[in-house]
Amino acid sequence: MAEEQARPAKENAEENKIHLTIVTPRGVKFTEKADMIIMRCVDGDLGVLPGHAPLTAALGDGIFRIFNNGVEKKLAVFGGIAEIDDRTVNIYSTIAQRPEEIDREQAEMDRREVEATILEESEEHQVRRLRVLLHHALIRIEVSSHLEEAEYLKYEEEKEDDE
């Protein structure tokens, strides 16, 4: 009897999830069910929960946050389009990177190089372009650091299971 009650509760929890798909020019990059998603749009952050009203939004450059069962995942997403309805979020982006796909050392080097160049440059157009590059490097640095956090949490969970 308890199993029969547990099964519908689990199925109900699964039905109350957002079905997320991220597509890049190379194909489907990421699929997952989520409790909540927060994405950077051109006019600010947008949070999505199951049952969201239909919406299409232009994505900006930023951190794409996925929450599922109390765990947060981060991706670096640079531009694109989000199509949202009550239970589905489809993301179409040129660049979407998981933490493990980011070269942290390269992003740090890019950040230092761009910051130094900004100090030297006086042309407004060049400075704007460099600030975009700096923003990309900072996004990659934050998302890549999330990999270390996720591995720590995974280690702690395995340690608890062993006890």
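Cut-offs used in this document
Each chain carries its own residue numbering, running from 1 in the direction its sequence is written. Only residues with pLDDT of at least 70 get local features here, since the model is predicted, and only at 80 or more are side-chain atom pairs given and counted; chain-wide, interface and lining totals rely on the full set of residues. Hydrogens and waters are ignored; side-chain quantities use all the structure's heavy atoms. Working definition: helices are DSSP H or I runs of at least four residues, strands are E runs of at least two. Numbering for both runs from the N terminus. Summary of the burial criterion: residues with accessible area below 20% of their type's maximum are buried, those above 50% are exposed, and those between are partly exposed, where the area comes from a 1.4 Å probe applied to protein chains only. Working definition of accessibility: Shrake-Rupley area with a 1.4 Å probe, residue cover restricted to the visible protein chains. For the purposes of these results, a polar contact is taken to be a pair of N or O atoms within 3.5 Å, where, inside protein, one atom must be able to donate a hydrogen and its partner to accept one; residues adjacent in sequence count only when each atom of the pair is a side-chain atom. Any two residues whose heavy atoms approach within 4.5 Å at even a single point are treated as in contact. Side-chain atoms within 4.5 Å link the members of a nonpolar core, which is a set of buried Ala, Val, Leu, Ile, Met, Phe, Trp, Tyr and Cys residues. Values of pLDDT, which run from 0 to 100, indicate the predictor's confidence residue by residue. Think of a salt bridge as a Lys or Arg side-chain nitrogen and an Asp or Glu carboxyl oxygen that are within 4 Å of each other.

Quick notes on the overall build of the protein chain
Looking only at helices and strands, the protein chain has three helices and eight strands in total. Start at the N end of the protein chain and walk to the C end: the helices and strands fall as α-β-β-β-β-β-β-β-β-α-α. Taking all 163 residues of the protein chain together, the buried fraction comes to 34%. When the accessible area of the protein chain is evaluated, it comes to approximately 10500 Å², of which 49% is carbon and sulfur surface.

Let's talk about the side chain of Lys74
Within the fold, Lys74 resides in strand S6 (residues 71–84). Taking relative accessible area as the criterion, Lys74 reaches 12% and is therefore assigned buried. A polar contact is formed between the side chain of Lys74 and the side chain of Glu142, at a distance of 2.9 Å. Sequence-distant contacts of Lys74, defined by excluding residues within four places in its chain, comprise Ile63, Phe64, Arg65, Pro99, Glu142, Val143 and His146.

Observations regarding the nonpolar core
Counting residues in hydrophobic clusters, the biggest one holds 21 residues, and the most contacted among them are Leu20, Ile22, Ile37, Met39, Phe64, Val89 and Ile91. Elements with a contribution of two residues or more to this core: strand S1 (18–24), strand S2 (27–34), strand S3 (36–41), strand S4 (44–48), strand S5 (55–68), S6 and strand S7 (88–92). Setting aside residues no more than four positions away along its own chain, Ile91 makes contact with Leu20, Thr21, Ile22, Val23, Met39, Leu59, Phe64, Ile81 and Ala82. Core analysis: the second largest hydrophobic core is formed by six residues, Ile63, Phe78, Ile102 and Val143 among them.

Focus: the confidence of the model for the protein chain
In this model, the protein chain carries an average pLDDT of 85, and 79% of its residues clear a pLDDT of 70 or more. Mean pLDDT across the elements of the protein chain ranges from a minimum in helix H1 (residues 2–15), with 54, to a maximum in S7, with 98.

What about the side chain of His136?
The residue His136 is located in helix H3 (residues 124–162) in this model. Setting aside anything within four residues of it in sequence, one finds His136 in contact with Asp61 and Phe78.

Things to note about the pattern of salt bridges
In this structure the tally under the stated criterion is ten salt bridges. Note that Glu108 is salt-bridged to Arg111, the shortest N-O span being 2.9 Å. You can see Glu108 and its partner Arg111 sitting in helix H2 (residues 104–120), three residues apart, about one turn around the helix. It is possible to trace a salt-bridge network through shared partners that takes in Arg104, Glu108, Arg111 and Glu115.

Points about the environment of Ile81
In this fold, Ile81 is placed in strand S6. Taking the C-alpha atoms as reference points, Ile81 and Thr56, separated by 25 residues in sequence, lie 7.1 Å from one another. Ignoring any residue separated from it by four or fewer positions in sequence, one finds Ile81 in contact with Thr56, Ala57, Ala58, Leu59, Asn90, Ile91 and Tyr92.

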